[in-house]
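# Notes for the structure review
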Amino acid sequence: MFSRILVVTFLLLATQQVLGAPFPANFTWGASTAAYQIEGAWNISDKGKSWWDWYNNDVMNFPLNRSGNVADDFYHRFNDDIALMKKIGLKNFRMSIAWPRVLPNATVNQPSQTGIDFYNAVFDALNAAGIEPWVTLYHCDMPQALITTDNTSGWLNPNISNLFADYADFCFRTFGSKVKNWITINEPLIAAWYGYGLGSGVPLRCSPKYNNTQCQSVGGGGDSGTEPYLAAHNMILSHAKAVRTYWEKYKQTQGGQIGWTLNINFALPWNASDANDIAATETYLQFQHGWFANPLLTGDYPAIMREYITGNRLPTFTPQEQELVKGAYDYFAINHYTSVYVKHTGVVGDDFGSDARSITLTTDINGDPIGPVGEADWLYVYPPGIRGIMNWIKDHYNNPPIYVLENGFCVKGESQLPVAQAILDVQKVEYLNDYIDNVVAAVVEDDVNVAGYFVWSFIDNYEWGSYIPRFGMIYVDYDTLERTPKASSYFYSQKTSKISAWAKGECEYPTYPKVLFELPLLSDNALYA
C-alpha cells in the first residue's frame, strides 16, 4: 500500500566535486518534533498542566485549532507514526518529554506512572523499529505548578536550576537505558526574550513600554531590561547542572551524550561597505549565540555584552558557577532556519531587543531581500547561511562536534491547497537540498566538525498559536488526523541515503536538478487515519 501513496522519481545527477576532508559515513540524519506540538492528550490521566495548557485553556479558552490540546494526537497514534518513520527510512527521531506529563507537580516526589509508561512505550517502539531517540528535556512546556504572577515565575525561580536538575536526573534514571542522546533545553533565547522581554510567549512578562496588556493582567508585570538576562542565567545553570548530573551518575554506564540546542540566524551586513555594519554582524552573533555558548567555553558572557549592556543588568557568575558551566557539553547543537541583515545604530539600549545597538532587516541597502519567504514571515531562504554559522562556531569555539537539530521550511499557502497539491512541496524539497548541500560543503571543504542534521519537522504540527505553517514532511489533515507523506519525505530519504553511500565511496555525490511526480487517486494516498 505504501508504494501507492506517492510515487516520486528523483533524478539525482551525480557530479564530481572537488572535496577536502572526508564526509563521515556515520553522519546522523534525522527529523525533529516536540511534545506539546504533536502529542495532544493535554489533560489525560494525572498529567499536570504546562504553562501552554494553562494559557491556551484557562486564560484564552482557545478552540482546538489554536491550541495543542489534540495537535497530531501522537499520544494515541505513536505506533502508527513510528511505522511511518520506518517506511520512509528515518533512522533518528528527535522528540521531547513533557515535564508535567511525568512530574505533574514539577517535583520528583509525585511522578506519574501513566506518563512514564507512555514514554517507555514510545522509546521501546522506536528502538524496535531501529530508530534512535534523541530526547529534549525542555521544549517550551514548563509545568504550570512553577508559574506565578511575580518575579519568581518559571525560569526566574531562584531554585529552578535545582528543580530542573532533579527532573533531568529522574529522566536519566528512568529512561536512560533506552535513550543515548539528550538535549537539556531547546532555544533558551526564545524562552528568555519572548517570555520575559516581549511578553509574546508564556509566562507573559514584559515592561509597560511594549504595550502588551497581558503582561500586567496575566503575567503580573515584568522588567524587560533585567528579567530576560536573569531567566537566561538560570537556564545556563540548569543546563550545566543537568549535564554534570548525567556525567557523574549515568554517562559511564549508559554511554550517552548530552548538550543543548541554540537557535541562531546567520548575519550579513546591511551595507557590505560599511565597517560599522560589518562589525555589527559579529556583535549580533555574540548576543544571539555567544550569550549562551560563551559561558560553556569561558565561564562568562561575551565581552561585547559586558561592554554594551548598561546598568549592571547582566548577571555575574560566581567562581563556583563558572566551574559548573565551563565545559558543560558533549556537543554543540543549533536550530537554524534563516539569515538576516544587520544595521548598526550605535544607540545605547535598555533591553535585549536594543542592547546590541543594531537592528535586523530582511532587505539590504539596495532593498533586495535576503531570499524568498515562506509561510512564516520571518523565514527567508538563504542556504549559505547555515554554512556560515557553522564556520562561525568552528572559529569561535574550537570546532566542537555540531548537530543541526532543526532546519526546515514551510511553503507559503500550503494550508490553503488541496491535499493532492499540498504534498507536492517542491519549494521545501529545494530548501532542504540546498541547505543540506551547504552542510556537506562545511564538512568537506571547510573542515567543520558537523556530526548530524535533523529536519524540522517529521510531521505537520502546532506552531505556537497556529496550524497554518506546515513544516512537516508528513501532511496532517487536522479534521481527520489522516497522515499523507509529502514529496519532501521521499526526497529527504533518498538524498541522505545517497550521501551516506557517497561517503563510503559507493557513488558520486547526489545533486538535485529536478523532481518528477506521479500521483494516484487521492483516496488511496493516506497511509492511515
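Residues numbered from 1 in each chain as written. Predicted model: local features only at pLDDT ≥ 70, side-chain atom pairs only at ≥ 80, totals over all residues. Heavy atoms only, no water.

What follows concerns the side chain of threonine 261. Here threonine 261 lies in strand β7 (residues 257-263). Exposure remark for threonine 261: the relative accessible area of 0% places this residue in the buried category. Polar side-chain contacts of threonine 261 include one of 2.8 Å to the side chain of asparagine 335. (Helix = DSSP H or I, 4+ residues; strand = E, 2+ residues; numbered from the N terminus. Buried < 20%, exposed > 50% of the residue type's maximum accessible area, 1.4 Å probe, protein only. Polar contact = N/O pair within 3.5 Å; in protein donor to acceptor, adjacent residues only side chain to side chain.)

With respect to topology, three strands assemble into an open sheet ordered β8-β10-β11, the strand pairing being mixed. Two strands close off the open sheet at either side, each with one partner strand: β8 (266-269) and β11 (358-361). Taken over all neighbouring pairs, the strand axes of this sheet differ in orientation by 40° on average, direction set aside. In this fold helix α12 (residues 275-298) packs onto β8, β10 (339-344) and β11, with an angle of close to 120° to the strand it touches most, β10. (Pairing = 2+ DSSP bridges. Axes fitted to C-alpha atoms, helices over the stretch in contact; angles between N-to-C directions. Contact = heavy atoms within 4.5 Å.)

Right, let's get into the layout of surface pockets. Considering only enclosed or pocket space, the second largest pocket measures out at about 320 Å³ in volume. Considering the residues around the second largest pocket, the lining is formed by 16 residues, among which Phe27, Trp29, Gly89, Lys91 and Asn92 are closest to the centre. Listed by contribution, the elements that provide at least two residues to the lining of the second largest pocket are β3 (28-32) and α19 (487-503). At six residues, α19 tops the list of elements feeding residues into the lining of the second largest pocket. (1 Å grid on protein atoms, 1.4 Å probe; cavity = no way out; pocket = protein on both sides within 12 Å on 5 of 7 lines; lining within 4 Å. Points joined across faces, edges and corners; volume = space filled by probe spheres on them.)

On to the environment of alanine 168. Among the structural elements, alanine 168 can be located in helix α7 (residues 160-175). It is 8.2 Å that separates the C-alpha atoms of alanine 168 and tyrosine 246, two residues lying 78 residues apart in sequence. Non-local contacts of alanine 168, meaning those with residues more than four positions away in its chain, are made with Leu137 and Ala242.

If you walk through the whole model with that rule in mind, you get one disulfide. Between the sulfur atoms of cysteine 206 and its disulfide mate cysteine 215 the distance is 2.1 Å. Taking the sign of the S-S torsion, 115° for the link of cysteine 206 and cysteine 215, the bridge is right-handed. The thiol of cysteine 140 is not disulfide-bonded; the next cysteine sulfur, from cysteine 171, is found 16 Å away. Of all cysteine sulfurs, the one in cysteine 140 lies closest to cysteine 410, which takes part in no disulfide; the gap is 17 Å. Look at cysteine 410 and you get buried, because its relative accessible area is 0%. (Disulfide = S-S within 2.5 Å.)

Before going further, it helps to spend a moment on the packing of aromatic side chains. The relative placement of two aromatic rings is captured by the distance of their centres and the angle of their planes. This structure, assessed with the given rule, holds 54 aromatic pairs. With a centroid separation of 6.3 Å and 45° between ring planes, the pair formed by tyrosine 453 and tyrosine 492 is classed as tilted. Residue tyrosine 453 is found in strand β13 (residues 450-456), and its partner tyrosine 492 is found in helix α19; the two are separated by 39 residues along the sequence. Of the two residues, tyrosine 453 and tyrosine 492, both sit in the buried class. Aromatic rings pair up to connect Phe74, Tyr75, Phe78, Phe93, Phe118, Tyr119, Phe123, Phe175 and Phe458 into one cluster. Above the ring of tyrosine 475, the side-chain terminus of arginine 470 is found at 4.1 Å from the ring centroid. (Phe/Tyr/Trp six-rings, centres within 6.5 Å; stacked < 30°, edge-to-face > 60°. Lys NZ or Arg CZ within 6 Å of the ring centre and 35° of its normal.)

Let's shift gears to α7. Residues that lie three or four places apart on an α-helix share one face, since the helix turns once every 3.6 residues. Over its 16 residues, α7 runs 22 Å from end to end, which matches the ideal 22 Å to within 8%, given 1.5 Å per residue. The element α7 is largely enclosed, with a buried count of twelve among its 16 residues. Every buried residue belonging to α7 is among Ile160, Ser161, Leu163, Phe164, Ala165, Tyr167, Ala168, Asp169, Phe170, Cys171, Phe172 and Phe175, and all of these are buried. (Expected span 1.5 Å × (residues − 1).)

Here we come to the environment of alanine 145. By the element assignment, alanine 145 lies in the loop between β5 (132-138) and α7. Distance from alanine 145 to aspartate 124, taken between C-alpha atoms, is 30 Å for residues 21 residues apart in sequence. With residues near it in sequence (within four places) discarded, alanine 145 still touches Asn105 and Ala106.

Okay, the environment of tyrosine 194 next. You can see tyrosine 194 is positioned in helix α8 (residues 188-198). Judged by its relative accessible area of 36%, tyrosine 194 is partly exposed. Between the alpha carbons of tyrosine 194 and glycine 349 there is a distance of 17 Å; along the sequence they are 155 residues apart. When sequence neighbours within four positions are dropped, the list of residues in contact with tyrosine 194 reads Leu189, Gly199, Ser200 and Gly201.

Over its 23 residues, helix α10 (residues 227-249) extends 33 Å from the first C-alpha to the last, a length consistent with the 33 Å expected when each residue adds 1.5 Å. The buried fraction of α10 is high, at 18 of 23 residues.

Moving on: empty space enclosed by the protein. Inspection of the entire model under this criterion finds three cavities of 30 Å³ or more. Within this model, the largest cavity holds a volume of roughly 90 Å³. Lining of the largest cavity is provided by 13 residues; of these, Tyr36, Lys47, Asp53, Ala98 and Arg101 occupy positions nearest its centre. For the lining of the largest cavity, the secondary-structure elements that each account for two or more residues are α2 (35-38) and α5 (99-102).

Before going further, it helps to spend a moment on the confidence of the model for the protein. Per-chain confidence: the protein averages 93 in pLDDT, with 93% of residues scoring 70 or above. Confidence drops under a pLDDT of 50 for residues 1-18, and excluding neighbours within four residues, the segment shows 64 contacts in the predicted structure. Counting contacts from residues 514-529, a segment whose pLDDT is below 50, to residues more than four positions away or on other chains yields 51 contacts. (pLDDT = per-residue confidence, 0-100.)

This part is about the sheet that holds β3. Within the closed barrel, the eight strands sit side by side as β3-β4-β5-β6-β7-β9-β12-β13. Their pairing is parallel. In this sheet, neighbouring strand axes are inclined to one another by 25° on average, regardless of whether the strands run parallel or antiparallel. For strand β12 (residues 402-406) and β13, the ladder comprises three bridges, and the chain directions are parallel. If you follow valine 404 over to β13, its bridge partner there is tyrosine 453. Packing against the sheet, α12 makes contact with β7 and β9 (332-335), and its axis sits at approximately 155° to β7. Strands β3 and β13 of the sheet are contacted by helix α18 (residues 426-444), whose axis makes an angle of about 170° with β13.

When their charged atoms lie close together, side chains carrying opposite charge are able to pair. In total, this model carries 22 salt bridges according to the counting rule given. The partner of aspartate 73 in a salt bridge is arginine 77, with the nearest N and O atoms 3.3 Å apart. Aspartate 73 gets classed as buried once you look at its relative accessible area, which sits at 13%. Between aspartate 460 and lysine 486 there is a salt bridge, with the nearest N and O atoms lying 2.9 Å from each other. With aspartate 460 in the loop between β13 and β14 (474-477) and lysine 486 in the loop between β15 (482-485) and α19, this residue pair connects regions lying 26 residues apart in the sequence. Residues joined in a network through salt bridges with shared partners are Glu414, Asp460, Arg470 and Lys486. (Salt bridge = Lys/Arg side-chain N within 4 Å of Asp/Glu carboxyl O.)

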